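Chains, contacts and geometry: an overview
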2 protein chains.
Amino acid sequence: MPETARPSKREETRRETERAILIAAEKVFAEAGFGGATMQLIADMAGLPKANLHYYFPTKEALYRRVVEDIFEIWLRAAEALDTADCPVRGIGAYIDAKMEISRRHPFGSKVWASEVMHGAPVIQDYLETTLREWTEGRAQAIRRWIADGRMRPVDPHHLLYMLWATTQHYADFGHQIETLNDGRPLSDEEWAAATESVKEIILRGIGAI
Amino acid sequence: MPETARPSKREETRRETERAILIAAEKVFAEAGFGGATMQLIADMAGLPKANLHYYFPTKEALYRRVVEDIFEIWLRAAEALDTADCPVRGIGAYIDAKMEISRRHPFGSKVWASEVMHGAPVIQDYLETTLREWTEGRAQAIRRWIADGRMRPVDPHHLLYMLWATTQHYADFGHQIETLNDGRPLSDEEWAAATESVKEIILRGIGAI
DNA sequence: CCATAACCTGACCAACCGGTCAATGAATAT
DNA sequence: ATATTCATTGACCGGTTGGTCAGGTTATGG
């Protein structure tokens with residue numbers, strides 16, 4: 001019988017409370033921006049007194065940083081889809097699938113990320129200069145390989161990546177606009193699938209991979 | 001000799017001051033968000049005492065609304081490029097040119113717009129439901145016509161428009177990220193041209209217009 | 001030149017926000 | 001049982017913010 005460290009009641013409560021705070025914070029930061037968000041509102045949404053927030057996260061900035069870091073990790077994890085395949089159709093196709101899924105499941109996170117970058121990345125500038133830059137260069141190399149192998153047309157890898165990011169994240173960041181243009185209704189399952197197919201079709205055909 | 005209403009000194013000063021305020025406000029709102037922006041900072045950047053701001057714009061919200069409306073107008077005006085041509089290559093090509101130019105010339109405005117929509121369009125929701133919806137439907141019809149005429153492949157017009165918006169605005173809204181990945185340097189003239197060409201090439205080919 | 005209206009501004013205020021802290025309650029180890 | 005550590009909370013505080021206002025300045029029309 002394995003001695004799996006059973007979580008003490010304290011640990012468990014702590015994890016649950018922290019989770020509740022992070023979920024509330026993600027939503028409030030996304031909807032109001034860093035400057036517009038208030039610790040009181042986050043506390044109310046998490047069902048806690050404000051002082052308790054400062055026990056878990058010393059400052060508003062620390063809480064915000066944690067939210068952004070969590071998003072960044074989800075965002076990077078989805079990028080693995082690009083590596084598992086050896087042809088652009090499967091690789092980029094899977095990447096678009098993954099990113100569209102994130103836009104659907106984590107719209108608040110995507111908005112917080114967008115807001116952070118739009119404001120000059122005051123909190124995650126170091127991530128941009130290290131992790132993101134390395135990741136981007138690696139993926140650009142993979143794309144150049146595909147081009148050299150004649151599996152797609154010669155397009156600038158960076159601009160292709162920007163297009164992938166822009167197009168997929170648009171469905172989260174501008175979701176409100178899309179919903180308004182969709183007669184005020186959120187996209188249904190079928191409409192999400194159609195959106196994903198449209199994006200894949202146009203881009204994969206546009207780079208000559210189909 | 002035409003009696004062109006020569007502007008009185010008052011009118012002229014008023015227009016100049018208002019312009020200075022709007023330029024400062026656009027920048028501050030873009031960099032700090034609505035919540036993070038302060039009237040004091042806008043006043044300092046415009047070289048005015050704060051109280052003077054409230055003489056021109058009664059509230060922070062009124063000033064913000066004006067900034068967003070001005071952007072919306074620029075944004076709509078660029079859309080005329082889509083109408084002047086009768087084939088997708090020239091129409092969509094010109095539209096991409098125009099939108100990329102706006103991303104370059106009005107990055108702050110684009111960010112304010114993005115931020116407004118991301119936060120649920122509290123100020124310009126009515127514009128989304130009226131002007132933008134009508135414009136979108138009209139353009140979707142034009143695209144359907146092109147498809148019916150066999151000038152491009154059958155793609156969902158809405159998703160194509162979203163891709164156009166997303167891709168072009170990305171160069172403004174995520175300009176900081178792009179700059180970081182470009183070794184910290186802003187895109188040069190040639191790089192902007194290359195970006196525009198990349199976007200046009202992939203999308204026009206992706207919809208089968210080339 | 002004068003009266004009037006438009007414009008400008010320093011000083012001020014109430015409201016709110018992030019953060020602190022001392023006191024209390026609850027879980028854990030001995 | 002009880003000492004000790006961890007977790008919770010209401011009350012509070014200094015600083016900042018959007019907005020006001022009375023009084024001064026400048027342009028304009030007669």
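Residues numbered from 1 in each chain as written. Chains lettered and ligands numbered in written order. Predicted model: local features only at pLDDT ≥ 70, side-chain atom pairs only at ≥ 80, totals over all residues. Heavy atoms only, no water.

On to the overall build of chain A, then. If you tally the helices and strands in chain A, you get 11 helices and 0 strands. Dimensions of chain A along its principal axes, counting C-alpha atoms only, are 60 × 50 × 40 Å. For chain A, buried positions account for 50% of its 210 residues. Taking contacts inside chain A between residues at least 6 apart in sequence as the whole, the part at least 24 apart equals 67%. (Helix = DSSP H or I, 4+ residues; strand = E, 2+ residues; numbered from the N terminus. Buried < 20%, exposed > 50% of the residue type's maximum accessible area, 1.4 Å probe, protein only. Contact = heavy atoms within 4.5 Å.)

Next up on the list: the interface of chain B and chain A. Listed by partner, the interface residues are 54 residues for chain B and 54 residues for chain A. A buried area of about 4600 Å², summed over both sides, lies between chain B and chain A, and 66% of it is on carbon and sulfur atoms. Looking at the side of chain B facing chain A, the largest losses of area belong to Met118(B), Leu181(B) and Ile202(B), adding up to 17% of the total buried there. Applying the counting criterion to the chain B and chain A interface returns 2 salt bridges. Note that Glu201(B) and Arg153(A) form a salt bridge whose closest N and O atoms lie 2.8 Å from each other. Per element, the largest residue contribution to the side of chain B that touches chain A is 11 residues, and it comes from helix α9 (residues 157-173) of chain B. (Buried area = accessible area lost by both parts, 1.4 Å probe. Salt bridge = Lys/Arg side-chain N within 4 Å of Asp/Glu carboxyl O.)

Okay, the pattern of salt bridges next. Residues and elements named next belong to chain B. All told, the structure shown has 24 salt bridges over all chains when counted by the stated rule. The shortest N-O distance in the salt bridge between Glu 69 and Arg 65 comes to 3.6 Å. Residue Glu 69 and its partner Arg 65 are both found in helix α4 (residues 60-78); the two are separated by 4 residues, about one turn of the helix. With a relative accessible area of 23%, Glu 69 lands in the partly exposed category. In this structure Arg 65 comes out as partly exposed when scored by relative accessible area, which is 35%. For Glu 101, the salt bridge goes to Arg 105, with nearest N and O atoms at 2.8 Å. With a gap of 4 residues between them, Glu 101 and Arg 105 both fall in helix α6 (residues 88-105), about one helical turn apart.

This part is about unusual backbone geometry. Unlike most non-glycine residues, Ala121(B) shows phi in positive territory, near 55°. The residue Ala121(B) is located in the loop between α7 (107-118) and α8 (125-148) in this model.

Of the transformation placing chain B onto chain A, the axial shift is 0.0 Å and the rotation is 180°, giving an RMSD of 0.1 Å. A rotation of that kind, with that shift, is consistent with a two-fold axis. Looking at the rotation axis and the C-alpha trace of chain B, the residue lying nearest is Gly206(B), at 1.8 Å. Both copies share a contact surface, since 100% of the interface residues of chain B are interface residues in chain A too. (Least-squares fit on C-alpha atoms with pLDDT ≥ 70 in both.)

Attention now moves to the UniProt feature "domain: HTH tetR-type" (unreviewed entry) in chain A. The feature "domain: HTH tetR-type" (unreviewed entry), as annotated in UniProt, sits at residues 15-75 of chain A in this numbering. Strand forms 0% of residues 15-75 of chain A and helix 87%; the C-alpha atoms that close the span are 22 Å apart. (UniProt positions renumbered as here; feature names shortened; annotations may be inferred.)

With that settled, consider the side chain of His170(A). With respect to the helices, strands and loops of the structure, His170(A) is situated in helix α9 (residues 157-173). Setting aside residues no more than four positions away along its own chain, His170(A) makes contact with Trp165(A), Gly175(A), Ile178(A), Tyr162(B), Trp165(B) and Ala166(B).

Moving on: the protein's contact with DNA strand C. Inspection of the region around DNA strand C gives 19 residues, with Lys50(A), Lys60(A), Ala51(B), Tyr55(B) and Tyr56(B) positioned closest. One nitrogen or oxygen atom from the side chain of Lys50(A) is found 2.7 Å from a base oxygen belonging to DNA strand C. A distance of 2.8 Å separates a phosphate oxygen of DNA strand C from a polar atom in the side chain of Tyr56(B). For the surface near DNA strand C, the elements supplying multiple residues, two or more each, are α1 (9-36) and α3 (50-56) of chain A together with α1 (9-36) and α3 (50-56) of chain B. Tallying contributions element by element places α3(B) first for the surface near DNA strand C, with 4 residues. Of the residues assigned to the surface near DNA strand C, the class counts are 7 nonpolar, 6 polar and 6 charged. (Near = heavy atom within 4 Å. Polar contact = N/O pair within 3.5 Å; in protein donor to acceptor, adjacent residues only side chain to side chain. Nonpolar A, V, L, I, M, F, W, Y, C, P; charged D, E, K, R; others polar.)

As a structural note, the neighbourhood of DNA strand D is formed by 18 residues, with Ala51(A), Tyr55(A), Lys9(B), Lys50(B) and Lys60(B) the closest of them. Counting only atoms of DNA strand D within 4 Å of the protein, the fraction found in sugar and phosphate groups is 58%. A distance of 2.7 Å separates a phosphate oxygen of DNA strand D from a polar atom in the side chain of Tyr55(A). Measuring from a phosphate oxygen of DNA strand D, one finds a backbone N or O atom of Arg10(B) at 3.1 Å. Looking at the surface near DNA strand D, the elements that each hand over two or more residues are α1 and α3 of chain A together with α1 and α3 of chain B. Broken down by element, the surface near DNA strand D gets its largest block of residues, 4 residues, from α3(A).

Before going further, it helps to spend a moment on the domain arrangement of chain A. Residues and elements named next belong to chain A. Partitioning chain A into structural domains gives domain 1 (1-58) and domain 2 (65-207). Between domain 1 and domain 2, the C-alpha centre-to-centre distance is 28 Å. Taken together, the contact between domain 1 and domain 2 spans 9 residues of the former and 8 residues of the latter. Between domain 1 and domain 2 the total buried area reaches about 740 Å² when both faces are included, carbon and sulfur atoms providing 73% of it. On the domain 1 side of the contact with domain 2, Leu 22, Glu 26 and Ala 30 bury the most area, a combined 58% of that side's loss. One salt bridge connects Glu 18 with Arg 66, and the closest N-O pair in it is separated by 3.1 Å. Across the contact surface, domain 1 and domain 2 share 2 residue pairs in polar contact (both at pLDDT 80 or more). (Domains from an automatic or database assignment.)

Here we take up the confidence of the model for chain A. Model confidence for chain A is summarised by a mean pLDDT of 94, while 97% of its residues fall at 70 or above. Among the prediction metrics, the complex's ipTM stands at 0.93, with pTM recorded as 0.94. (pLDDT = per-residue confidence, 0-100.)

What follows concerns helix α4 (residues 60-78) of chain A. If you check α4(A), its first and last C-alpha atoms are 28 Å apart, about what 19 residues at 1.5 Å a residue would give, namely 27 Å. Restricting attention to buried positions, one finds in α4(A) the residues Leu63(A), Tyr64(A), Val67(A), Val68(A), Ile71(A), Phe72(A), Trp75(A), Leu76(A) and Ala78(A). (Expected span 1.5 Å × (residues − 1).)

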